[in-house]
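Residue-level structure breakdown
For reference, the chains in residue letters:
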Amino acid sequence: MKPSWARRSPESARGAGGSLQVYDLQASYGPVQALRGATLECAPGELVAIIGPNGAGKTTLLRAILGLLPHRGDVLLDGRSLTALSTEDRVRAGLALVPERRQLFDTLSVRDNLLLSGFGRGLGRSRMEERLRLVFSLFPALAERPRAPARSLSGGQQQMLAIGRALMGEPRVLLMDEPLLGLAPLIVSELLGLLRRLCDEGLSVVLVEQNARAALAVADRAYVLERGRIVRSGSARDLQADPAVHSAYLGGPLKPEAPRGK
Amino acid sequence: MNRAWFLRGCGLLLLLLLPWILRDRLSLTVPFVIGLHAILALGLALLAGQAGQVSLGQAAFYGIGAYTAALLTVRLGWDPWLALGMAVLVAASLAYVLGAPVMVLRGHYLVLGTLALNVVVEVILRNWQSLTGGANGLSGVPPLHLGPFGALRGTLPYYYLVWGLVLASLWLGHNLLRSRVGRALAAIRASEVAAVSLGIPPVRYKLQLFAYSAGCAAVAGGLYAYELGFVSPSPFGFELSIAILVMGVLGGIHHLPGAVLGAAIVTLLRELLRSLLPQFFRGGASAEYEAVVYGLLLAAAVIGAPTGLWPLLARWTRRPSQESRVQPAQPPLWRLNQVPVDPPEPARDPVVKAQSLTKRFGGLVAVDDLSFTVSPGEIYAIIGPNGAGKTTVLNLITGLLRPNSGSLVLFGSPVHMLPPERIASLGVARTFQTPRVVWDLTVLDNVRLGMHLHLQAGFFTSLLGLNHEEEASSVRQAGVLLERLGLVPHAHEIAANLPFGSLRLLELARALALRPRLLLLDEPASGLSREQRMELARLIQEIRAEGVTVVLVEHDVEMVLQVADRVLVLHQGRRIAEGPPSVVRSHPEVISAYLGPAAAEIATAGPKDLRGNRRAQA
Amino acid sequence: MSLGQQLAQFIAAGIVNGAIYALLGLGLVVIYSVTRAVNVAQGEFAALGALLAATLASAGWPVEAVLPVGTAASALLGLLAYLGGIRPVRTASPLVLIIVTLAMHLTLKGLLLLVWGTDPYTLPPFSQGAPLRILGAVLARQSLWILGTAGVALMILYGFFGYTLYGKALRACAINDLAARLMGIRPQAMGAIAWTLAGALGGLAGVLITPLTLATYDMGLMLGLKGFVGAVAAGLTSYPLAVLGCLLFGIVESLVAGLLPSGYRDAIAFGVLVVALLTRAVLALRQGVLVGEEVLSE
């Protein structure tokens, strides 16, 4: 029995995906260089995962792609360079980010959170209503309480709202920063199923995840980011089988310590 | 170096000889007033540049100083020196009282508050005729007298007096910036969170600085009154406070001599405007246009040269070879043998006892009815995915957050109402998820920041430079820590140049400098290479062996399982498991939710041998 | 007049003044919450509206035209102030922003002086007629105009912020600037709207109050700072609290001014400001202090 929100929706993201190319992206936080030249790409309709340890620069990578911090290197969407654009304009061009910790407008209602996304992307009123219907069909839990303030939702529902907001603007590439954090396992699998479906229908998704196992299970291709650099890339299946990746991210311990005295 | 000293010498010579150079040609009044303004601007520069607080009240304290001195000498016949001292006391006390509520709030409230102060002072001065003489002011203010010189009349003695004070202020300020208090102020500027975690009380230092700048302004006010022999409300208006702000911003608030430079430039400009503008505009209007010029200058300075003019000048005086900070022939600052440090006393009560702790942020429950205990001398780890509340727990323990309900007891005393700097003084040190060091201090000074609670030099001691022995001893002790953590090669580098791994070590060194009984580490391994993580694990165990209790929040689950005595697993703010690693790693809920099926494999399979081969199969 | 009537008189006058301060305070809150700037020049928006209206009225324009024109002119000034002064330094620290608004205050005051000189100007009241007696207080008809217009303005704002997407977008920028940008909302556009709105509110306040008190080139600082008192009590972020704070302040000022000699009237505002700051500080301390923001950003 499919979970309620895995139903086929009347309108889908069919063919809407764009291509994203990132060349030698470098970014620093003050004196600390967090990103030392990352190159990757995502083809239309692909689900690309980016895994790596904490502090590797995964979040920095997404923020740099969105232009939230100054960066060197190039970001291309459908072949068009976004590097000179501000964050808002990159969003209007077709990128969407579901940020770490969601960043909802917590005192505004669910409906307002969604509508503002359409407003920001310059959608007309009727188009906004259409997208709203789509999002509600994907996430019936949100449809049940559209006027509730965002902060009254549960963690999983807030994540749904964050994703819904990103989808409102008909993005060409959806970027997600650790969407599975803090979610109960059941919701995790539902969410992964949803992402897979959206990709199958044509949306391009770049998924940054700490939970490498879950990310590789659902992705087409993946990159491993370590200390600001891409150190491995390939199809998800190849990476799952790669022993180095396996030991680093899929459950390898450190060298055993000498017995501790107490 | 030579160029700088040469310029200083020239400047001093110019100051000394100026009255002779100008005699009969130009009045000495303007250089005298520049000196007064320099003192006002120096106070502002210290406050704004070091404490990040912009005060628009310098003119008010200037006026309070002038009027207090005048009133006490004219109406009560006090000795002028005593009256001056009283003026300083009155201004400083008022600053303390007015500042106390404001320093607790964000910076722009001080701007508003001091703006208000200007208005109130001006209104009182103009309206309380019986006391202040109203708009006509008070005349007959007696001059100062100085031993063999008798009564000081005319501008000349006051010129030397005021510039002597300017130089003294520069010296005092210089001492302050290089002291324990100066380092504390730098920490407050860089990260108040880090500062309070080291036991530094931000409000107290900001207040002291505010009171000091008010006192300086009052001295200037007194000198003004004694030189002129007369006080009236008009020089002490809001417009002067703005002019002082322009002086500071133009000169560069992060550099004390810049304030003097700014004072000179703006005062001369003022004189120029006052002679030119009335030719174009009638009567009182010209004063308003003066204000317009200040406004434009201010905007230009803030936008165009945000660090002020002084750094530009200073750069010219430094020789190229001095630009590099690494000085190869560095004399050894410490001996390499251990400086004896008392080990922390062994505790008997549980180090941390949390009961039913709950913390909500709006609708989100970050920590939900959490109870746990940490025993002395253990390494206690807290794990769980992001958003599980781990950092919130650390913030609750260190007092950065107050729990909505529940209790928290450290070393047997309840702490949930204590401010973070008090909790730090109980012997609690921490590191942060992203290193919060003071970027423009050296590594050595950053570590010495950790010793804040163990050093004594207070505000006045620091001002007067009476802390040499303590400073030398602190350098020695810091040296020991640097050596232990392998940071000696970087000792004189500014923190901004360090690689990431060294930043983590620096934070750890700073935390250890506090000589904690409880050390809290927030994801110390993140961003480190495999070798660095192993080194870290070794260090943690060494620290524990010295009697320090360690609470470790980590993502690197395997490292935690190797190093920790007991582990607490959090999920959505709630505890789902607690116990020794071996128990936790095979706890079904923990495995399925967080460690994933692969780790479940490990748990049932047992540890790997050195070659990474499984020793047993599930 | 009996004590009761005196009190009623003071309170009524206080509410009327409070309404004016509330318009200014709202402008301050809009600007601060959207662009993080503490606008020391807010009063100058009122001064421009007032002086322009006075000039037009004396040239024969009817009151119905003068009010909207004055308001619109100040709205334009607000926009220009944003484009010229704030937008270039949009991302700078709050300290730099407040210094820039300080510079704007000084420059604008100079400009007003240049054009209008030091003379006071006046506007005829919007409707002629004897003062009315309401609940024991005697109110000039202009006071009723003030209350009425301010009330309508507040209701319009309420509708704007609560029900239109533009208004919600402004609130969103204030709630979470990052998320707003991620939605494609342009902070410059929102900043421009905020400043234009604040300019309009200031201009409206200026035109409304001129028939009761005179308009001069330097009326701005006092008005603006009084708007601040109420806004500060609201922490510069809550619209309803700012309105309430300003109304209360108006009443307190009126009551105290009735007792003290008139020269001290302005000082009262600042005494109250200090009290407001103290209260804010106490509240902040009880909540666990200033480090709240920094900590939560982890």
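Residues numbered from 1 in each chain as written. Chains lettered and ligands numbered in written order. Predicted model: local features only at pLDDT ≥ 70, side-chain atom pairs only at ≥ 80, totals over all residues.

Looking at the overall build of chain C
The test is simple: Numbering of helices and strands runs from the N terminus, with a helix taken as a DSSP run of H or I at least four residues long and a strand as a DSSP run of E at least two residues long. To get the radius of gyration, use the C-alpha atoms; to get the globule rule, take the number of residues to the power 0.38 and multiply by 2.2 Å. To sort residues by burial, count the other C-beta atoms lying within 10 Å of each one's C-beta; a count of 20 or more means buried, 12 or fewer means exposed, and anything in between means partly exposed. C-beta atoms are built from the backbone.
Of the regular secondary structure elements, chain C holds 12 helices and 2 strands. Reading chain C from its N end, one meets helices and strands in the order α-α-α-α-β-β-α-α-α-α-α-α-α-α. The C-alpha atoms of chain C give 19 Å as radius of gyration, which agrees with the globular expectation for 298 residues (19 Å, within 12%). Each of the 298 residues in chain C was classed as buried or not, and the buried ones make up 54%.

Here's the deal with the overall build of chain B
Cut-off, in case you're wondering: Our contact criterion uses C-beta atoms placed from the backbone: two residues qualify when those atoms are within 7 Å.
If you tally the helices and strands in chain B, you get 24 helices and 14 strands. Looking at chain B as a whole, 52% of its 618 residues qualify as buried. When contacts within chain B are restricted to residue pairs at least 6 apart in sequence, long-range pairs at least 24 apart make up 74% of them.

A word on the interface of chain C and chain B
Basically, it comes down to this: Here the nonpolar group is Ala, Val, Leu, Ile, Met, Phe, Trp, Tyr, Cys and Pro; Asp, Glu, Lys and Arg are the charged ones; every other residue, Gly included, is treated as polar.
Listed per partner, the contact involves 41 residues of chain C and 43 residues of chain B. Going through the elements one at a time, α4 (94-116), α9 (220-233), α11 (265-286) and α12 (292-296) of chain C are the ones with two or more residues in the side of chain C that touches chain B. Counted by class, the side of chain C that touches chain B contains 31 nonpolar, 5 polar and 5 charged residues.

Notes on the sheet that holds strand β10 (residues 229-235) of chain A
All names here are of chain A. The following threshold applies: Pairing between two strands is assigned when DSSP locates at least 2 bridges connecting them. To define axes, lines are fitted to C-alpha atoms, for helices over the stretch in contact only, and angles between the resulting N-to-C directions are given on a 0 to 180 degree scale.
Within the open sheet, the 6 strands sit side by side as β6-β7-β8-β3-β9-β10. Their pairing is mixed. Because the sheet does not close on itself, it has two edges, and the strands there are β6 (95-98) and β10. Averaged over all pairs of adjacent strands, the angle between their axes in this sheet comes to 15 degrees, without regard to strand direction. Across 4 bridges, β6 lies against strand β7 (residues 173-177) in parallel orientation. If you follow L95 over to β7, its bridge partner there is V173.

Notes on the nonpolar core
Heads up, the rule is: For this analysis, nonpolar core means a set of buried Ala, Val, Leu, Ile, Met, Phe, Trp, Tyr and Cys residues linked through C-beta atoms within 7 Å. Where a domain begins and ends is set by an automatic assignment or by a domain database.
Counting residues in each nonpolar core, the largest one holds 394 residues, and the members touching the most others are L207(A), A91(B), V246(B), L298(B), L552(B) and L23(C). Residues from two domains meet in this core; each of domain 1 (17-94 + 171-250) and domain 2 (106-169) of chain A gives at least three. Residues within four places of L298(B) in sequence aside, it is in contact with L245(B), V246(B), V249(B), I99(C), L102(C) and A103(C).

A short note on unusual backbone geometry
Even without a glycine there, the phi angle at R227(A) is positive, about 45 degrees. Classification of R227(A) by C-beta neighbours within 10 Å gives partly exposed; the count is 19. Phi is positive for D369(B), close to 55 degrees, though the residue is something other than glycine. Looking at the secondary structure, you find D369(B) in strand β6 (residues 364-374). Among the residues examined, D369(B) registers 14 C-beta atoms within 10 Å and is labelled partly exposed.

Some details on the sheet that holds strand β9 (residues 413-414) of chain B
Residues and elements named next belong to chain B. Read across the open sheet, the 4 strands follow the order β6-β5-β8-β9; overall the sheet is antiparallel. Pairing within the sheet leaves two strands with one partner each, and these edge strands are β6 and β9. Note that strand β5 (residues 352-361) and strand β8 (residues 405-410) share 5 bridges and pair antiparallel. Along β8, the bridge assignment pairs K353 with V409.

Describing the environment of K390(B)
All names here are of chain B. Tracing the backbone through its elements, the reader meets K390 in helix α15 (residues 390-397). For K390, a count of 27 C-beta atoms within 10 Å corresponds to the buried category. Those residues in contact with K390 that lie beyond four places of it in its chain are I382, G384, V553 and L570.

Quick word on the packing of helix α1 (residues 3-35) of chain C against α9(C)
Residues and elements named next belong to chain C. The condition that has to hold: Should an angle fall under 35 degrees it is taken as roughly parallel, and over 145 as roughly antiparallel, whereas 65 to 115 is taken as roughly perpendicular and any remaining angle as oblique.
Packing of α1 against α9 leaves a shortest axis separation of 8 Å and a crossing angle of 70 degrees. Put simply, α1 runs roughly perpendicular to α9. Residues Y21, A22, L24, G25, L28 and V29 of α1 touch α9, and the partners they reach there are L223, G224, K226, G227, F228, G230 and A231. A class-by-class count of the residues in the contact of α1 with α9 yields 8 nonpolar, 4 polar and 1 charged.

A look at the confidence of the model for chain B
Residues and elements named next belong to chain B. Rules: Per residue, pLDDT measures the predictor's confidence, with a range of 0 to 100.
Overall, the prediction assigns chain B a mean pLDDT of 82, with 88% of residues at 70 or greater. In this model, residues 595-601 is a region of pLDDT below 50 whose contacts with residues beyond four sequence positions or in other chains number 13 contacts. Counting interchain partners and residues more than four positions distant, the pLDDT-below-50 stretch residues 605-618 has 17 contacts.

Observations regarding helix α3 (residues 58-74) of chain B
Going by this rule: To estimate how far a helix should extend, the number of its residues minus one is multiplied by 1.5 Å.
End to end, α3(B) covers 24 Å across 17 residues, agreeing with the expected 24 Å (1.5 Å per residue, within 8%). Most of α3(B) is tucked away: 17 of the 17 residues are buried.

As for the environment of L298(B)
Note on placement: L298(B) falls in helix α13 (residues 285-304). Overall, the presence of 23 C-beta atoms within 10 Å leaves L298(B) in the buried class.

A short note on the pairing of β5(B)
Pairing analysis gives 7 bridges linking β5(B) to β6(B), with the strands arranged antiparallel. For A354(B), the partnering residue across the bridge sits in β6(B) and is F372(B).

Remarks on the pairing of strand β3 (residues 47-51) of chain A
Residues and elements named next belong to chain A. With respect to burial, β3 is a largely interior element, 5 of its 5 residues being buried. Both faces of β3 are covered, namely the face carrying L47, A49 and I51 and the face carrying V48 and I50. Where β3 and strand β8 (residues 204-208) come together, 4 bridges link them in parallel fashion. Directly across from V48, in β8, lies its bridge partner V206. As paired strands, β3 and strand β9 (residues 221-226) are joined by 4 bridges and run parallel to one another. By the bridge assignment, A49 is partnered in β9 with A222.

A word on helix α8 (residues 187-209) of chain C
Here α8(C) spans 33 Å end to end across 23 residues, near enough to the 33 Å set by a 1.5 Å rise per residue. Judged by how many residues are buried, α8(C) sits mostly within the fold: 21 of 23 residues are covered.

What to know about the environment of L115(A)
All names here are of chain A. Counting through the fold element by element, L115 comes out in helix α3 (residues 110-120). By the C-beta count within 10 Å, which is 25 here, L115 ends up buried. Residues L115 and R165 lie 50 residues apart in sequence; the distance between their C-alpha atoms is 8.0 Å.

A word on the packing of α3(B) against helix α10 (residues 202-228) of chain B
The relative placement of two packed helices comes down to the angle between their axes together with the axis-to-axis distance. Residue and element names in this part refer to chain B. Heads up, the rule is: Handedness of a crossing is defined here by the sense of rotation of the near helix relative to the far one, left-handed for an anticlockwise turn of less than a right angle and right-handed for a clockwise turn.
One can describe the packing of α3 onto α10 by two numbers: an axis separation of 7 Å at closest approach and a directional angle of 50 degrees. By the angle class used here, α3 and α10 are oblique. Judged by the twist between their axes, the crossing of α3 over α10 is right-handed. Where α3 abuts α10, its residues Q58, F61, Y62, G63, I64, G65, A66, A69 and A70 lie against A214, A217, A218, V219, A220, G221, G222, Y224, A225 and Y226.

Description of the confidence of the model for chain C
All names here are of chain C. Overall, the prediction assigns chain C a mean pLDDT of 86, with 95% of residues at 70 or greater. Looking at the elements of chain C, mean pLDDT is at its lowest for α12, recorded as 43, and at its highest for α8, recorded as 95. For residues 290-298, every residue scores under 50 in pLDDT, and the model assigns this stretch 16 contacts once sequence neighbours within four places are set aside. Both scores are available for the predicted complex, with the pTM at 0.80 and the ipTM at 0.82.

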